[in-house]
Amino acid sequence: MKRKSRRQFLKESVTAGAAAGSTLLARENLMASAAPAPGKSLGANDRIRVGLIGCGGMGRGDLRDFLQVKNVECAALCDVDDQQSAMASKVLFEDQGLQKPALVTRDFRRVLDQRDIDAVIVGTPDHWHALPTIMACRAGKDVYVEKPLALTIAEGRAMVGVARKYNRVVQMGTQQRSAPHYTEAVEYVKSGQLGKIRLVRAWAYLDWKGELPPVPDSDPPPTVDYDMWLGPAPKRPYNKNRFHFTFRWFWDYSGGLMTDWGAHMIDIANWAMGVKAPSSAVSVGGKYGYPNDAMETPDTQQVIWAFPEFTMIWEHMLGAGRGPEAREHGVLFHANNGVLVVDRGGWEVYPETDRIDKPRQYKAAGVPRRTAVTQTYHLTHVQNFVDCMRSRKRPNSDVEIGHNSMIACHLGNIAQRLGRQIKWDVENEKIIGDPEAQKFVSKEYRAPWKLTTT
Ligand SMILES: NC(=O)c1ccc[n+]([C@@H]2O[C@H](COP(=O)([O-])OP(=O)(O)OC[C@H]3O[C@@H](n4cnc5c(N)ncnc54)[C@H](O)[C@@H]3O)[C@@H](O)[C@H]2O)c1
């Protein structure tokens, strides 16, 4: 028999994939009325089988740590770009002398179809977080979904609802929630020793990420199912800048640095302050650093949020690394008795002193810098998820915690895009008195994709 050329093989695989995809899609549409698959209960020593959806930089990082957890194995790799799944297969399996997972696919619905897969890791770009998470919950799987939880507030709310309805464990990839030094710092803030906290500042300054020079649209690489990469996002020609990793700087797929790093840092602020969401947001900023480059999202941005008893501020800059406290990222809690600062390296407290016309007295005990005791808290976060899969307890970054922390970030971006203050009804999760702004709370999906909320 004549051997097929690589090009012919690829072409046939794509066609076969598309056909399989449409069958699966038809089935998904029917799933709305079909009973969801129940999740199986896992004993302490049962092996847990996971599937990775999105084999890019972070998906591979996540899976690397899942494979370190006792009694966890990977049963499927999924990416719309064959090169990305091949890379995951090579570095995580072949290079380690391990057998690669039996299923390697471009279509995540094939992973969800596997009854013996207990959980999925969603490491796709942000515009592809909600649907795989929701569909996985419906299929009886637990989900470790990367931050930011979703592209919109409405997607986040739907993810919470579906996770609860099907009683699934859903953890967002904000690994700081499982870091001992962040936990200590948050407990110190909550202890009241700082006194009344009036201002919380969070920031990210990335000096390693500068200009994104424009490049022309082109054909997508032959290894990619580009239509599936776009998924619910608007159809447009392929452009390399909008693709792997740099998708973050385009509104169709992400929220720029406000949601990329805000997801991590605002989450710490929310955790320590015990709040759900702000009552208003204003934002200024723009493409000040790289006015003519390809990015849509601001390279420089400051957001101010109102809470009943304190103010919260976000700052970011791309192409500059010296943020407040000469740190590239962090969270500061300014209070009557002192200031606590925490970042990925550790935390410390600088005490405030009494008025200078009196003998100077510290109002709080200073806490010298406590260096992070472990840099492996990402693994701890993954372990926490696996533990919760067995215990059925809520994980450290439960989906609802993630959703709440993302609200401030999304409101910051809505205020930025509309250039005006946004008022938020915290209880009902609605923008107050601004129908144009309310439209940004959700997003229209490109057919045939639909945001299922049940
Ligand atoms: N927790 C953290 O510290 C951390 C760090 C980096 C990134 N992230 C998050 O991880 C996610 C991925 O980021 P990245 O930098 O790895 O991006 P990336 O572009 O390197 O990887 C995303 C991968 O998903 C694939 N993909 C896209 N649509 C898909 C689909 N429908 N089905 C299957 N695969 C699909 C892409 O082809 C790509 O290989 C983002 O949401 C990002 O915010 C988290």
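This structure is a prediction, so every number in the text was calculated from the model and none was measured.

Enquirer: Let's hear about the sheet that holds strand β2 (residues 72-78): which residues, and what values?
Expert: Strand order in the open sheet formed by 6 strands is β3-β2-β1-β4-β5-β6, and the pairing between neighbours is parallel. Two strands in the sheet have a free side with no partner beyond their single neighbour: β3 (103-105) and β6 (170-172). Put simply, the sheet's adjacent strands are angled 20° from each other on average, direction ignored. Across 3 bridges, strand β5 (residues 142-145) lies against β6 in parallel orientation. Residue pairing in the sheet places V143 in a bridge with V170 of β6. Those strands touched by helix α11 (residues 377-391) are β1 (48-53), β2, β4 (119-122), β5 and β6, and its axis lies near 165° from that of β5.

Enquirer: Could you give an account of the pattern of salt bridges, naming the residues involved and the relevant values?
Expert: Throughout the structure, instances matching the rule amount to 32 salt bridges. D252 is the partner of K443 in a salt bridge, and the nearest nitrogen-oxygen pair spans 3.9 Å. A residue pair is termed long-range when its members are at least 10 positions apart, and K443 in the segment after α13 (435-438) and D252 in the loop between α8 (226-230) and α9 (256-260) qualify at 191 residues. Assessed through its relative accessible area of 18%, D252 is described here as buried. Where salt bridges share partners, they join R157, R164, K276, D398, E400 and E429 into one cluster.

Enquirer: Got a sec to walk through the packing of aromatic side chains? Specific residues and values, please.
Expert: The final tally for this structure, using the stated rule, is 14 aromatic pairs. Judged by centre distance (5.0 Å) and plane angle (85°), the rings of W128 and W449 are edge-to-face. Here the residue W128 occupies a position in the loop between β4 and α5 (130-138), and W449 occupies one in the segment after α13, the gap between them amounting to 321 residues. Overall, the relative accessible area of 8% leaves W449 in the buried class.

Enquirer: Break down the sheet that holds strand β16 (residues 430-431) for me, with residues and values.
Expert: Spatially, β14-β13-β12-β11-β7-β10-β9-β8-β15-β16 is the arrangement adopted by the 10 strands of the open sheet, whose pairing is mixed. The open sheet has two edge strands with one neighbour each: β14 (367-371) and β16. Sheet strands in contact with helix α10 (residues 262-273) are β7 (197-206), β9 (300-306), β10 (311-318), β11 (329-335) and β12 (338-343), and its direction is about 25° off that of β11.

Criteria and cut-off values
- Residues numbered from 1 in each chain as written.
- Predicted model: local features only at pLDDT ≥ 70, side-chain atom pairs only at ≥ 80, totals over all residues.
- Heavy atoms only, no water.
- Pairing = 2+ DSSP bridges.
- Helix = DSSP H or I, 4+ residues; strand = E, 2+ residues; numbered from the N terminus.
- Axes fitted to C-alpha atoms, helices over the stretch in contact; angles between N-to-C directions.
- Contact = heavy atoms within 4.5 Å.
- Salt bridge = Lys/Arg side-chain N within 4 Å of Asp/Glu carboxyl O.
- Buried < 20%, exposed > 50% of the residue type's maximum accessible area, 1.4 Å probe, protein only.
- Phe/Tyr/Trp six-rings, centres within 6.5 Å; stacked < 30°, edge-to-face > 60°.

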